[in-house]
Amino acid sequence: CLLAIALSCNVFLSVNGIACWMMSIMIDSTNDNFVFESQTMLTFLQNLLMFTSTLTSFGLFLGIYKNLGAHLPETIVTLVIAVLLYHTGNHYFGGHMAECMSLEFWHFPRWTKAMMGPTLLRKGRRERLRARAGERARILRERARRQRGRRAMEDPTRTR
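Student: Can you help me understand the overall build of the protein in this one?
Tutor: A tally of helices and strands in the protein yields 7 helices and 0 strands. In sequence order, the secondary structure elements of the protein are arranged as α-α-α-α-α-α-α. Counting all 160 residues of the protein, 22% fall into the buried class. Approximately 11,900 Å² of the protein is accessible, and the part contributed by carbon and sulfur atoms is 65%.

Okay, here's the thing in structure tokens:
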């Protein structure tokens, strides 16, 4: 049942992801705000991806236990390796997200950040993330001001 739900999520993720990708190719060049206006759909796809990953992992752990349950030493070794791989991957992915998209990662819900590993458990990492998020916010504000000014100059009928 668990893997059937994960498979369903994966199918919907693939279909909707392909549709978004195709729309981004067709519409993005004519719409400056395409990514911003697609936030709801992208959030849905991100949640589907996380849900699929979590269900698949739990299904994998249950499958290991069911198939190797009679052989306790092999089961323990296999489960330990699987858990280490799962947590190591989440830790590196969470760290990557915190470095590459610090402002967005800072505003993720707590449960999302918790699933991505212990990236924010240490005070130094939280402070570094906060500083990087502040810097990213400053850059985005400056970019928005420049674009607003450019659009106002291009369209003289617009009022400020």
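Student: Looking at this structure, how should I read the packing of helix H3 (residues 39–68) against helix H4 (residues 72–100)?
Tutor: Two quantities define a packed helix pair, namely the angle between the helix axes and the distance between the axes. Two elements in contact, H3 and H4, have axes separated by 9 Å at closest approach and are oriented at 170°. By the angle between their directions, the pair H3 and H4 is classed as roughly antiparallel. The two elements H3 and H4 meet at a crossing, and its hand is right-handed. Residue-level inspection shows Thr54, Ser57, Phe61, Ile64, Tyr65 and Leu68 of H3 in contact with H4, the latter providing Leu72, Glu74, Thr75, Thr78, Leu79, Ala82, Val83 and Tyr86.

Student: Help me understand H3 in this model?
Tutor: Because each turn of an α-helix spans 3.6 residues, side chains separated by three or four positions in sequence point in the same direction. A rise of 1.5 Å per residue sets the reference length of H3, with its 30 residues, at 44 Å; its end C-alpha atoms lie 43 Å apart and thus fit the reference within 8%. Within H3, burial applies to Leu45, Leu48, Met50, Thr52, Thr54, Leu55, Ser57, Gly59, Phe61 and Ile64.

The rules behind the values
- Residues numbered from 1 in each chain as written.
- Predicted model: local features only at pLDDT ≥ 70, side-chain atom pairs only at ≥ 80, totals over all residues.
- Heavy atoms only, no water.
- Helix = DSSP H or I, 4+ residues; strand = E, 2+ residues; numbered from the N terminus.
- Buried < 20%, exposed > 50% of the residue type's maximum accessible area, 1.4 Å probe, protein only.
- Areas by Shrake-Rupley, 256 points an atom, 1.4 Å probe, with all protein chains shown as cover.
- Axes fitted to C-alpha atoms, helices over the stretch in contact; angles between N-to-C directions.
- Parallel < 35°, antiparallel > 145°, perpendicular 65-115°, else oblique.
- Left-handed = near helix turned anticlockwise from the far one by under 90°.
- Contact = heavy atoms within 4.5 Å.
- Expected span 1.5 Å × (residues − 1).

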